[in-house]
Structures are given as structure tokens and as C-alpha cells.
Amino acid sequence: MPETSLATTNDESTIHYPGWSVATAAFAGVMTSFSPIVPYTFSLFLNPLHTAFGWKREALDGTFAIAAITVALVSPFIGMLLDRFPPRRIILPCILVFALALASLSRLSGSISQFYFTFFMLGLVANGTAQFAYTRTILTWFQKRRGFALALILTGSGVGSILIPPATQWTIAHHGWRSAYLLLGGIALLGLPLTALLVRNRPAAVLPQDEPAVSGVSVKGAFASTAFWVLCGITVLSAFSENGLVTNLAAILTDHGVTPQSAALALSVRGGAGILGRLGVGFLIDRFSPQRIQTMILVLAAVGTLILAFAGSPAVSLLGATLLGVGLGSEADVLPYLLAHYVGRKNFSVLYGLTWTAYAIGGATGPMFVGHMYDATGAYHSSSIALLASIAFAAAGVSLMLPRRKSVAKSAATEFKQGVEVLPS
């Protein structure tokens, strides 16, 4: 390859760098994935499904818990597949199953077991459609602009969470909840074409000469590191707080006197704030301590949760949703950056899958806690939501335990001497 052409191929700062087209396709895939669709529309269906079938809130929130537990169990396996096979072989079938499962919810009957089984299927393929599936590929393309590239693809989730909840709420109001599920099934297919055309790992032939294709610690080595377990602890706590709040947010706000339209707007604002937070953090994380940036954004999320616990007006709910969006939206960006920072790329997807197991444990128990408190008291009391805020503050405290040395992966350089391992494209 000519020297000038190779320089362009390896220059992450130019718009012609091929990694940006991969990132754009990943953005589209994440925008229509499990991440913005299921958590951000779930609460919009609580009242319609309760009215239609009489299902209790704890039972409905248990449905989301089934999906989260399934994600916990299968994420390491999906990660193993992503470490070994071209990403499209994993992502494309998952998108198809995800879309069909969503559309099938339009055919719900009075048996809640059908609802449970469908969310089990959604959990099986969730991380095959979301940022989890695209992150490994992005890591192969970016090093100097890695933080911004990760922020860009995760911004897709924020864009989706702005556009999808209002469209879903409008469809429910004008055409019913069954039509809304059909709409979501159609939306889920929108990321498929660009993923099929563009998403692939970086070929070893265009790697810079001083950058090995695959480097990093073993899974056993990661298990022996404090950083990995601290990241898992942060993830469990923040997921408990985030999912407990977000999956019930529309119902919580309407229970506190906010109109359904304003509640849906708060969900969208949370997504929009996540976009700004992610792009800002993506810019900063390439330049400043990612550990301390994570602490800052976790504190913002905790403050937003505390405000939402006492929100009784549209203005206050929008303020809380803004802070929550900036915090939790950005936290999802920092985790894979820090994980790659500490363990490298060699076993990244398997280890990232295990952090998603931690996320799913928190994500399953948080909604069940909130649903149980509602069924026990008949309302979403501010004290219960304030407890979620205290758990988010605890996550910020745990983040202070992260070591600030350069990289665990670099300290394990002896594991890299095997040479370059070519990744499947």
C-alpha cells in the first residue's frame, strides 16, 4: 500500500478514516437496539397492560427482571462469540430475533406467561443488538480517539431514547398498545442494513506497525485485579438504581401528578441529556483521568435520581431527568473505556460480558424492588426513590477505589509476546 494511503488509513483524526464509517453504522444499530427501546418504553405500557389484563405492577416489573437475568447469563457467551467470529455473524441474527419478538407482543393474550417468555427471548439477544456487540469492533479501529468513538456509538442510544418514547406514547394514545408494539418491531429493523454493509473488525493489514492486533491480560489475570471487581461493583449498584427508576419513571411521575405527556417528555429529555453528556465525556476522557470523570458523572446521576424522587411538576421532573441523563448516559461510555484500559483487547468481549452480568443483576433487582414497594403501599413514595439515589451515591463512592496507574494491561506485557493474532472481519 502506498505510504500516503497507509497514513490516511491509520489517521483517526481525518474524516476519511474508515473507522468512522464503521462507527456511523454502529451508531445506527445502537439507536434502534434493545438499549433505547426496551428500558425507555417499558413504563409506557404499564398502565395499558394493567388496564387490559389486570396484571400487578410487581408482576409486570418481574418481566423486565426476566430479560435482565437472561442478559446476565448469556452476555459472557455472546462476548466469547464476538471475540472469535466476525461481528455481523452475531449481530444480524440477533436483530432479526429482537424485532420479531417485539412485534409478537402485539398478540399478547391474558396469560402473563406469554409476556414472560417473550422478554426471555428479548434478553437472549439483547446484547447482540446493543452497544455491547459493537464495542469490540470499535476498539479494533480506534486508539487515540477511542473515548470519542465509544461516545459516538453510545450516543445512538440517546438519540433513540429521544425519538422512540414519544412515538410510542403517541401510538398508544391514538392506535392502542398493540400497534405500538408493532411499531417497535419495525424500528428494531432499521439498523440492520448499515450493520450488514459496514460493521467489521479492523484488518490486521492496516494496523500501525507499533500496535499489535490483540493484546491484553487473560481472564484469570483480570479476575486477580482489583480494578475489574471494582468496575463490577460500580455496575451492580448503578444498574439497580438506574433500572429501578427508568423502567418505572413514567408511572412514578404520573403518580406524583405529572401528565403522561410530560412524563414521556422527561424520558426523551433524559435521552437528549445523555447525548450531550456522552459527547462531552467522550472528548474529556481522551484527555483527563477517566477514573475521576466516572466519579463525577455517577454523582450527577445520583443527584438527578434524588430530584426525581420529589418531582411533582414538569419543570422539576425535566431537571432531574437532565442530570440523570448526563450521568447515567455517560457512565455507560466510561465503563468499556476503563475496562479496555485495564485489561486490553485480547479477552475484552468475554470480560465485558461479565460486567454486563453484573449490570443485569442490578438491572433485574432494581425494578422488582420498586414494583414490590408500589404493590405494598399502593403508590410510588418519594422515600423509596430516594433509596435508589443513595445507592447511586454509593456507586460513586466505590469508583474512588479504582487505581489510577496507567494500565493493568501494560503491566502484563509478557502475555503479549505471542505476536499478532488476526481478528475475523
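Cut-offs applied
- Here the residue numbers are simple positions, counted from 1 along each chain's written sequence.
- Only residues with pLDDT of 70 or above have their local features reported here, since the model is predicted, and side-chain atom pairs are shown and tallied only from 80 upward, although totals for entire chains, interfaces and linings are computed over all residues.
- The side-chain numbers reported here are obtained from all heavy atoms of the structure, hydrogens and water having been left aside.
- Secondary structure elements are defined from DSSP: runs of H or I of at least 4 residues count as helices, runs of E of at least 2 residues count as strands, and each element is numbered from the N terminus.
- Note on classification: 1.4 Å probe, protein chains only; a residue is buried when its accessible area is under 20% of the maximum for its type, exposed when over 50%, partly exposed between these limits.
- In this description, contact between two residues means that some pair of their heavy atoms is separated by no more than 4.5 Å.
- Residue exposure ignores everything except the shown protein chains as possible cover, and the areas themselves are Shrake-Rupley values with a 1.4 Å probe.
- Residue types Ala, Val, Leu, Ile, Met, Phe, Trp, Tyr and Cys, when buried and joined through side-chain atoms within 4.5 Å, form a set referred to as a nonpolar core.
- Both cavities and pockets are sets of points on a 1 Å grid over the protein atoms alone; in a cavity a 1.4 Å probe fits but cannot get out, in a pocket the set is open with protein on both sides within 12 Å along at least five of seven lines, and lining residues sit with an atom within 4 Å of a point.
- Grid points are joined across faces, edges and corners, and a volume is the space filled by probe spheres set on the points.
- Basically, the charged four are Asp, Glu, Lys and Arg, the nonpolar ten are Ala, Val, Leu, Ile, Met, Phe, Trp, Tyr, Cys and Pro, and anything else, Gly included, counts as polar.
- To estimate how far a helix should reach, multiply one less than its number of residues by 1.5 Å.
- Per-residue confidence from the predictor is reported as pLDDT, a score between 0 and 100.
- Here a pair means two rings of Phe, Tyr or Trp (six-membered ring of Trp) with centres within 6.5 Å. Their orientation is stacked below 30 degrees between planes, edge-to-face above 60, and tilted elsewhere.
- Here, axes are lines fitted to C-alpha atoms. For helices the fit covers the stretch in contact, and angles between N-to-C directions go from 0 to 180 degrees.
- Roughly parallel covers angles under 35 degrees, roughly antiparallel covers those over 145, roughly perpendicular covers 65 to 115, and oblique covers all other angles.
- Helix crossings are classified by the rotation of the near helix relative to the far one: an anticlockwise turn of less than a right angle makes the crossing left-handed, while a clockwise turn makes it right-handed.
- Candidate patch residues must exceed 30% relative accessible area and have no salt bridge, after which like charges are joined if within 9 Å and Val, Leu, Ile, Met, Phe, Trp or Tyr side chains if within 5 Å.
- Should a side-chain nitrogen of Lys or Arg be within 4 Å of a carboxyl oxygen of Asp or Glu, the pair is scored as a salt bridge.

A. View of the overall build of the chain. From N to C terminus, the chain includes 20 helices and 0 strands. Here the chain holds 425 residues, and the buried ones make up 58% of them. A separation of at least 24 residues holds for 84% of the contacts in the chain among residues at least 6 apart in sequence. As displayed, the chain offers around 15,900 Å² of accessible surface, 68% of which is attributable to carbon and sulfur atoms.

B. Broad picture of the nonpolar core. The biggest cluster of nonpolar side chains holds 119 residues, and the ones touching the most others in it are I37, L49, F98, F115 and I138. Setting aside chain neighbours within four positions, we find L49 in contact with G54, W55, L60, L108, F115, W177 and Y181.

C. Quick peek at empty space enclosed by the protein. For the structure on display, the rule yields 5 cavities of 30 Å³ or more. Approximately 80 Å³ is the volume attributed to the second largest cavity. The wall of the second largest cavity is formed by V38, T41, F42, F45, L102, L105, F115, F119, L122, Y181 and L184. Breaking the lining of the second largest cavity down by element, the ones donating at least two residues are helix 3 (34-42), helix 7 (112-129) and helix 10 (177-188). Looking at the lining of the second largest cavity residue by residue, the class counts come to 10 nonpolar, 1 polar and no charged.

D. Highlighting helix 19 (residues 382-399). Look at helix 19: 26 Å from first C-alpha to last across 18 residues, which is about the 26 Å you get at 1.5 Å a residue. Looking at helix 19, one finds that the buried residues are S384, I385, A386, L388, A389, I391, A392, A395, A396 and S399. Buried residues along helix 19 sit in contact with helix 13 (226-246), helix 14 (249-255), helix 16 (290-309) and helix 18 (348-377).

E. Fine view of the confidence of the model for the chain. In this model, the chain carries an average pLDDT of 81, and 88% of its residues clear a pLDDT of 70 or more. For the chain, helix 20 (residues 408-411) is the element with the lowest average pLDDT, namely 46, and helix 10 is the one with the highest, namely 95. Scored below 50 in pLDDT, residues 1-7 makes 3 contacts in the model with residues more than four places away or belonging to other chains. Long-range and interchain partners of residues 407-422, a stretch whose pLDDT sits below 50, account for 25 contacts in this model, where long-range means more than four residues apart.

F. Looking closely at the environment of A72. On the secondary structure map, A72 appears in helix 5 (residues 57-84). Looking at A72, the relative accessible area reads 7%, which means it is buried. As a C-alpha pair, A72 and G362 span 290 residues in sequence and 9.6 Å in three-dimensional space. Apart from residues lying up to four places away in sequence, A72 is in contact with W356, T357, A360 and I361.

G. Just the packing of aromatic side chains, in detail. Tallied over the entire structure, the rule returns 18 aromatic pairs. An angle of 80° between the planes, with centres 5.1 Å apart, marks the rings of F228 and W229 as edge-to-face. The class for F228 is buried, based on a relative accessible area of 2%. Among the residues examined, W229 registers a relative accessible area of 48% and is labelled partly exposed. When the ring of Y374 is compared with that of Y380, the centres are 4.5 Å apart and the planes differ by 35°; the resulting orientation is tilted. An aromatic cluster of at least three residues, connected via ring pairs, comprises F42, F45, F53, W55, F115, F119, W177 and Y181.

H. Expanded view of the environment of A376. Assignment of secondary structure puts A376 in helix 18. Expressed as a C-alpha distance, the spacing of A376 and E58, which sit 318 residues apart in the sequence, is 9.5 Å.

I. Focus on the packing of helix 13 against helix 16. Running from N to C, helix 13 and helix 16 point in directions that differ by 25°, and their axes come no closer than 11 Å. Judged on the interaxial angle alone, helix 16 and helix 13 are roughly parallel. Taken as a pair, helix 13 and helix 16 cross one another with a handedness that is left-handed. Across from L231, I234, S238, S241 and L245 in helix 13, the residues of helix 16 making contact are Q294, L298, T305 and L308. Grouping the constituent residues of the contact of helix 13 with helix 16 by class yields 5 nonpolar, 4 polar and no charged.

J. Broad picture of a nonpolar patch on the surface. On the surface, F148, L279, F283, L284 and F288 cluster together into a nonpolar patch covering about 430 Å² of accessible area. Element by element, the count of residues in the nonpolar patch is highest for helix 15 (residues 260-285), at 3 residues. Looking at the element boundaries, F283 is found in helix 15.

K. Focus on the packing of helix 5 against helix 18. Here helix 5 crosses helix 18 at 180°, and the two axes come no closer than 7 Å. The angle between the axes of helix 5 and helix 18 places the two elements in the roughly antiparallel class. Split by residue class, the contact of helix 5 with helix 18 holds 19 nonpolar, 9 polar and 5 charged.

L. Highlighting the environment of S104. Positionally, S104 belongs in helix 6 (residues 87-104). Considered as a pair, S104 and F115 are 11 residues apart in the sequence and their alpha carbons are 9.6 Å apart. Apart from residues no more than four positions distant in its own chain, S104 is found in contact with Q114 and T118.

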